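If you want the building blocks of each chain, they are given just below.
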Amino acid sequence: MMKRYLKNDVLKDRAKYYLDGHYGTMILGFFFFITLLMCFSIMLTSAELAVQDTFGKTGAAMTLFRWLGNFATQLLVAILQFGFAYACLKLACRQRLLYTDLFCGFQGESFLPIAVITFVRLVINSVCFALSDYLSRGFNFSLTGELDLLQLLYILLALLGGYVIYIPISLALDLSFYLVLDFPEKNSFEVLRDSFKIIRGHRKRFLYLQLSFFPMYLLMCLSLGIGFLWLFPYYQMSVTLFYLDLMHPSEG
């Protein structure tokens, strides 16, 4: 029989339904992580200044420090996404949600696959945008001074090419945390392989789902970011239901 998948509007409506009565827990957890990220960013900036005083603003040591700092920051973000993915899966399966569920990414058995997936994502990002980063060195954008339009064109084309490669890959990686939760017996590389399998043929639909939140993101910016406390759980629950729809489509 032919598999039938839910439309994105249906997934978003169901996300609101499953989140009803649980926004308080989600918002509190998200606020905690944002505070943690801000504190870590301040510490990282202070450490970077100290490294600059010792090794200078350029050089291998400074480049390595910045890359490791970026990895640590992305790892914290990934832990946040992992915890919310677990919480949303529990809500979708009508299980009781605990506040501590949002921090399950800090546990030993979950931390390693999260770190591996984050590392892979960061490496892919670095490769895809290496050319645009190289072309951007020394480029100064000014509305009043002279502007090298040809260099700007090259930078924009390099960025476009990077996104054309990166976006299809990132769509698969966005679902990898759910596979870690559903199949804890699999190692990180098996999870990455399977994430590319399940998204095959559904990238366009998943991309449309993500883009449908873009107008909301613009509105949230007008609220000085406060609205993101509500929007992030809503987005994560919608992605969770998209994953469950992929794994268990209806037939008809």
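Residues numbered from 1 in each chain as written. Predicted model: local features only at pLDDT ≥ 70, side-chain atom pairs only at ≥ 80, totals over all residues. Heavy atoms only, no water.

> Please set out the pattern of salt bridges residue by residue, giving values where relevant.
Applying the stated criterion to the full structure yields 6 salt bridges. Measuring nitrogen to oxygen at the nearest pair gives 2.9 Å for the salt bridge that ties Arg-121 to Asp-174. Of this pair, Arg-121 sits in helix H4 (residues 108–128) while Asp-174 is found in the loop between helix H6 (149–173) and helix H7 (176–182), placing the two residues 53 residues apart along the sequence. Since its relative accessible area comes to 23%, Asp-174 is described here as partly exposed. A salt bridge links Lys-186 to Asp-194; the shortest N-O distance between them is 2.5 Å. On the basis of relative accessible area, Lys-186 is assigned to the partly exposed category, the value being 28%. Here the residues in one salt-bridge network are Lys-186, Arg-193 and Asp-194, joined through shared partners. (Salt bridge = Lys/Arg side-chain N within 4 Å of Asp/Glu carboxyl O. Helix = DSSP H or I, 4+ residues; strand = E, 2+ residues; numbered from the N terminus. Buried < 20%, exposed > 50% of the residue type's maximum accessible area, 1.4 Å probe, protein only.)

> Got a sec to walk through the packing of H4 against helix H8 (residues 188–199)? Specific residues and values, please.
Relative to each other, H4 and H8 sit at 55°, their axes nearing to 9 Å. In terms of orientation, H4 lies oblique with respect to H8. Seen along the crossing, H4 lies across H8 with a hand that is right-handed. Residue-level inspection shows Leu-112, Pro-113, Val-116, Ile-117 and Val-120 of H4 in contact with H8, the latter providing Ser-188, Val-191 and Leu-192. Tallied by class, residues from the contact of H4 with H8 come to 7 nonpolar, 1 polar and no charged. (Axes fitted to C-alpha atoms, helices over the stretch in contact; angles between N-to-C directions. Parallel < 35°, antiparallel > 145°, perpendicular 65-115°, else oblique. Left-handed = near helix turned anticlockwise from the far one by under 90°. Contact = heavy atoms within 4.5 Å. Nonpolar A, V, L, I, M, F, W, Y, C, P; charged D, E, K, R; others polar.)

> I'd like a rundown of the layout of surface pockets, residues and numbers included.
Considered as a void within the structure, the largest pocket measures approximately 890 Å³ in volume. In this structure, the second largest pocket spans a volume of roughly 390 Å³. Surrounding the second largest pocket, Thr-63, Arg-66, Trp-67, Asn-70, Leu-122, Asn-125, Ser-126, Phe-129, Ala-130, Asp-133, Tyr-134 and Arg-137 form its lining. Those elements that place two or more of their residues in the lining of the second largest pocket are helix H3 (60–92), H4 and helix H5 (130–136). Ranked by residue count, the leading element in the lining of the second largest pocket is H3, at 4 residues. Taken together, the residues that form the lining of the second largest pocket break down as 5 nonpolar, 4 polar and 3 charged. (1 Å grid on protein atoms, 1.4 Å probe; cavity = no way out; pocket = protein on both sides within 12 Å on 5 of 7 lines; lining within 4 Å. Points joined across faces, edges and corners; volume = space filled by probe spheres on them.)

> Let's hear about the packing of aromatic side chains: which residues, and what values?
The tally for this structure, following the rule as stated, stands at 22 aromatic pairs. Their ring planes at 70° and their centres at 5.2 Å tell us that Phe-213 and Tyr-234 sit as a pair that is edge-to-face. Taken together, the residues Phe-213 in the loop between helix H9 (203–211) and helix H10 (214–222) and Tyr-234 in helix H11 (residues 228–247) connect sequence positions 21 residues apart. Centre to centre, the rings of Phe-213 and Tyr-235 are 5.2 Å apart; their planes meet at 85°, and the pair counts as edge-to-face. Separated by 22 residues along the polypeptide, Phe-213 in the loop between H9 and H10 and Tyr-235 in helix H11 bring together distant segments of the chain. Judged by its relative accessible area of 0%, Phe-213 is buried. A relative accessible area of 15% places Tyr-235 in the buried class. What links up through ring pairs into an aromatic cluster is the set Tyr-23, Phe-213, Trp-230, Tyr-234 and Tyr-235. The lysine or arginine in question, Lys-12, covers the ring of Phe-213, its NZ or CZ lying 4.6 Å from the ring centre. Between Lys-186 and the ring centre of Phe-183, over which it is positioned, the NZ or CZ distance is 4.7 Å. (Phe/Tyr/Trp six-rings, centres within 6.5 Å; stacked < 30°, edge-to-face > 60°. Lys NZ or Arg CZ within 6 Å of the ring centre and 35° of its normal.)

> Before we move on, could you go through unusual backbone geometry and cite the residues and values that matter?
In this model, Arg-94 sits at a positive phi of 60°, which is unusual for a non-glycine residue. For Arg-94, a relative accessible area of 60% corresponds to the exposed category.

> Outline the side chain of Arg-121, listing residues and values.
A polar side-chain atom of Arg-121 sits 2.9 Å from a polar atom in the side chain of Asp-174. In contact with Arg-121, other than residues within four places in its own chain, are Tyr-166, Ser-170, Leu-173 and Asp-174. (Polar contact = N/O pair within 3.5 Å; in protein donor to acceptor, adjacent residues only side chain to side chain.)

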